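One letter stands for each residue in the lines below.
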Amino acid sequence: MDEKLLKPIIEAAYLTAGNAWRYRSILRFFYIQHERMRYYLFPEEVLEYLKKSQHFIDYTEEQLQQDLNQLVHWKNLIPRQDTGKVNTIEEFKKKKFRYQCTPYTIEIERMVHGLEQMGESFGGSLERTLFDRILDALIILVDQQKIEEVSDEELNTFWNDLYGNFRKLTENATDYLAHMQSEKVEEMMLTEAFLSYKDAITEYLRNFMSVLQRTSFRIEAVLQQTSKEQIELIANRLADYYLSIPRLDRRQTKDELVKKYMLQWLSLKTWFLGSDGRESDLLFLQNATNETIRRITRFAQRLGERHHNFRSRRKDYLHLAAWFEQCTDISEAHKISACVFGVFHTRHIYTPVKGTEDIYAEVWDEKPTEITVNPRVRTYKGKTKPGAIEGHKEEKERMMAAYLREREAERQLIEQLINQDYIVFKNLPVVDPYIRKTLLNWIGKCMADKNMTAKTEAGRKLRLLKQDDSYIVLRSRDGNLRMPNYVFQFLD
């Protein structure tokens with residue numbers, strides 16, 4: 001585990017501190033100016049910006065200086081003394097500072113600003129072109145002849161495009177599908193307005209699925225055909241290019257960079273192909289997209305049925321009434337009623353007996369089933385015949401005698417294995433399976449006791465001992481068992 005995970009991030013303390021509203025306002029101004037390429041700010045500029053808000057009308061310069069000092073303590077700001085416009089020694093002693101945001105703070109503010117823009121719902125999208133971009137980048141990277149012709153800088157561009165498109169695909173697809181499965185979207189699907197968007201959403205998902213199915217097989221084939229040695233060669237070239245860029249801060253070693261690029265390739269390969277017998281994330285994305293299409297279709301169908309139920313059927317009833325009006329007798333009216341409303345007062349009898357598994361067999365081809373129908377009254381009781389109690393004494397005695405003979409035979413065989421109150425497993429000959437089962441049962445009993453002792457079926461007390469850390473082979477007629485070098489010691 002990385003040691004960095006065990007340390008608190010003190011730079012994020014300003015988000016939850018007691019005066020977080022003041023600290024966040026100050027650092028948001030620094031972040032906005034940093035995006036405009038203004039990296040150093042004076043306290044006067046910060047105070048002028050804060051005074052424009054009604055929340056900072058009574059905010060003083062002393063309070064601002066205290067907040068700036070606290071942010072410096074939390075490593076959110078870096079103070080730099082401005083000595084360029086000093087006219088007197090007194091001004092120099094006052095140490096007029098200008099402040100700069102630390103890299104951690106810029107990234108934290110960028111993340112918080114993104115969270116504010118995102119709102120409470122998931123974003124994301126299903127971009128079809130990302131699969132084509134990933135495939136094109138892979139084809140270039142695995143072409144050894146083409147890779148040898150390009151420079152390290154161009155190779156770095158190809159790699160960044162590949163991994164950047166891969167991350168964009170996974171993050172956006174995950175966010176979009178999570179958005180489609182959120183509770184808020186399900187509530188919207190229950191409204192009538194959802195019907196107008198149903199076709200557009202379904203078409204969007206189906207187009208994504210068609211591109212996924214068209215390109216995924218080619219991407220998987222390229223990944224399977226790419227050798228590990230070729231990726232290691234590319235990773236070494238990428239590491240050399242990264243180290244060739246002049247940097248003043250701490251630089252990573254070449255081995256660390258190569259490992260990072262190899263892990264990126266492994267994550268890409270695992271996402272498309274899976275690993276250790278588990279399904280790939282690509283298959284999971286495909287199943288989730290299909291399930292989303294089915295859910296949208298089901299919701300639209302339910303809305304349509306509900307809308308159909310509320311529709312007035314006055315014209316339908318008038319049309320049916322005209323049919324009955326044209327009937328000449330009651331028998332014809334009964335026939336029309338049976339066709340329209342179904343047969344009244346029907347009784348169904350179910351039988352579990354099935355004569356054939358042929359799905360094309362007719363009912364008339366089956367043999368009739370006889371069912372005894374009992375009266376549906378409380379006082380009815382079925383007839384019972386008194387039966388005699390049969391005794392199985394001889395059979396029980398016979399089974400008991402056979403059981404005792406078997407136990408006695410096992411006891412005699414096991415007694416033959418005991419040598420001076422010891423059973424040494426490594427010295428045992430080929431044993432029968434039931435003897436091996438008995439010995440293993442004794443081992444289990446001993447290991448369940450803290451003193452490693454147990455009692456046999458005959459009442460003898462024994463202890464399990466381990467001679468050394470080596471392993472032996474217990475031979476039997478149905479196979480061999482590799483086990484520790486155990487010894488049984490009989491204590492009585």
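Below is a short write-up of the structure.

Here is what the cut-offs are and how they apply
Residues numbered from 1 in each chain as written. Predicted model: local features only at pLDDT ≥ 70, side-chain atom pairs only at ≥ 80, totals over all residues. Heavy atoms only, no water. Helix = DSSP H or I, 4+ residues; strand = E, 2+ residues; numbered from the N terminus. Buried < 20%, exposed > 50% of the residue type's maximum accessible area, 1.4 Å probe, protein only. Contact = heavy atoms within 4.5 Å. Areas by Shrake-Rupley, 256 points an atom, 1.4 Å probe, with all protein chains shown as cover. Patch = residues over 30% accessible without salt bridge, like charges linked within 9 Å, V, L, I, M, F, W, Y side chains within 5 Å. Salt bridge = Lys/Arg side-chain N within 4 Å of Asp/Glu carboxyl O. Pairing = 2+ DSSP bridges. Axes fitted to C-alpha atoms, helices over the stretch in contact; angles between N-to-C directions. Core = buried A, V, L, I, M, F, W, Y, C linked by side-chain atoms within 4.5 Å. Parallel < 35°, antiparallel > 145°, perpendicular 65-115°, else oblique. Left-handed = near helix turned anticlockwise from the far one by under 90°. Arc of directions from axis to C-beta.

### Brief notes about the overall build of the protein
And then number 1: Across its full length, the protein holds 17 helices and six strands.
And then number 2: For the protein, buried positions account for 29% of its 492 residues.
And then number 3: Residue pairs at least 24 apart in sequence account for 64% of intrachain contacts in the protein once pairs closer than 6 positions are excluded.
And then number 4: Total accessible area computed for the protein in this model is approximately 35,900 Å², and 52% of it derives from carbon and sulfur atoms.

### Describing a nonpolar patch on the surface
And then number 1: Residues Trp323, Val340, Phe341 and Phe344 make up a contiguous nonpolar surface patch of roughly 420 Å² in combined accessible area.
And then number 2: As for its placement among the helices and strands, phenylalanine 344 is situated in the loop between α15 (330-341) and α16 (393-417).

### Here we look at the sheet that holds strand β5 (residues 461-476)
And then number 1: Reading across the sheet, the four strands line up as β3-β6-β5-β4 and stay open at both edges, with antiparallel pairing between neighbours. Both edges of this open sheet fall to β3 (422-424) and β4 (453-455), since each of them pairs with a single strand only. Geometrically, the sheet is characterised by an average inter-axis angle of 45° between neighbouring strands, direction not taken into account.
And then number 2: Pairing analysis gives 11 bridges linking β5 to strand β6 (residues 479-490), with the strands arranged antiparallel. Residue pairing across strands places tyrosine 471 opposite proline 484, the latter belonging to β6.

### Notes on the nonpolar core
And then number 1: Within the largest apolar cluster, 45 residues are counted, with the highest numbers of intra-cluster contacts made by Phe131, Leu138 and Phe272.
And then number 2: Among the elements of the structure, α6 (129-142), α8 (152-180), α10 (194-225), α11 (228-244), α12 (254-273) and α13 (281-310) are those that each provide at least two residues to this core.
And then number 3: No other element matches the nine residues that α8 contributes to this core.
And then number 4: Ignoring any residue separated from it by four or fewer positions in sequence, one finds leucine 138 in contact with Leu162, Ile219, Val222, Leu223, Trp265 and Leu268.
And then number 5: One finds Leu47, Tyr59, Leu77 and Ile108 within the second-largest nonpolar core, a separate group that totals 23 residues.

### Some remarks on the pattern of salt bridges
Opposite charge on two side chains allows them to pair when their charged atoms are near.
And then number 1: In total, this model carries 13 salt bridges according to the counting rule given.
And then number 2: As a salt-bridge pair, aspartate 67 and arginine 22 come within 2.8 Å of each other at their nearest N and O atoms. One end of the pair, aspartate 67, is in helix α3 (residues 61-73); the other, arginine 22, is in helix α1 (residues 20-35), with 45 residues separating them in the sequence. For the pair formed by aspartate 67 and arginine 22, the shared burial category is buried.
And then number 3: Across the pair arginine 477 and aspartate 432 runs a salt bridge, and its minimum N-O distance is 3.0 Å. Here arginine 477, found in the loop between β5 and β6, pairs with aspartate 432, found in the loop between β3 and α17 (433-447); they are 45 residues apart in sequence, far enough to count as distant.

### Some details on the packing of α6 against α8
And then number 1: Between α6 and α8, the least distance of the axes is 9 Å, while the angle of their chain directions is 150°. Classified by the angle their axes make, α6 and α8 are roughly antiparallel. In this structure, α6 meets α8 at a crossing whose hand is left-handed. Contact residues: α6 offers Leu130, Phe131, Arg133, Ile134, Ala137, Leu138, Ile140 and Leu141, while α8 offers Leu155, Phe158, Trp159, Leu162, Asn165, Phe166, Lys168 and Leu169.

### A few points about helix α2 (residues 43-51)
And then number 1: By the burial criterion, the buried members of α2 are Pro43, Val46, Leu47 and Leu50. What you see down the axis of α2 is that its buried residues fit within an arc of 95°, all on one side.
And then number 2: Packing partners of the buried residues in α2 comprise α1, α3 and β2 (97-101).

### Here's the deal with unusual backbone geometry
Among all residues except glycine, the phi angle is most often negative; among peptide bonds, the trans geometry is most common.
And then number 1: Although it is not a glycine, aspartate 421 sits at a positive phi angle of roughly 65°.
And then number 2: Tracing the backbone through its elements, the reader meets aspartate 421 in the loop between α16 and β3.
And then number 3: A relative accessible area of 37% places aspartate 421 in the partly exposed class.
And then number 4: In this model, methionine 452 sits at a positive phi of 60°, which is unusual for a non-glycine residue.

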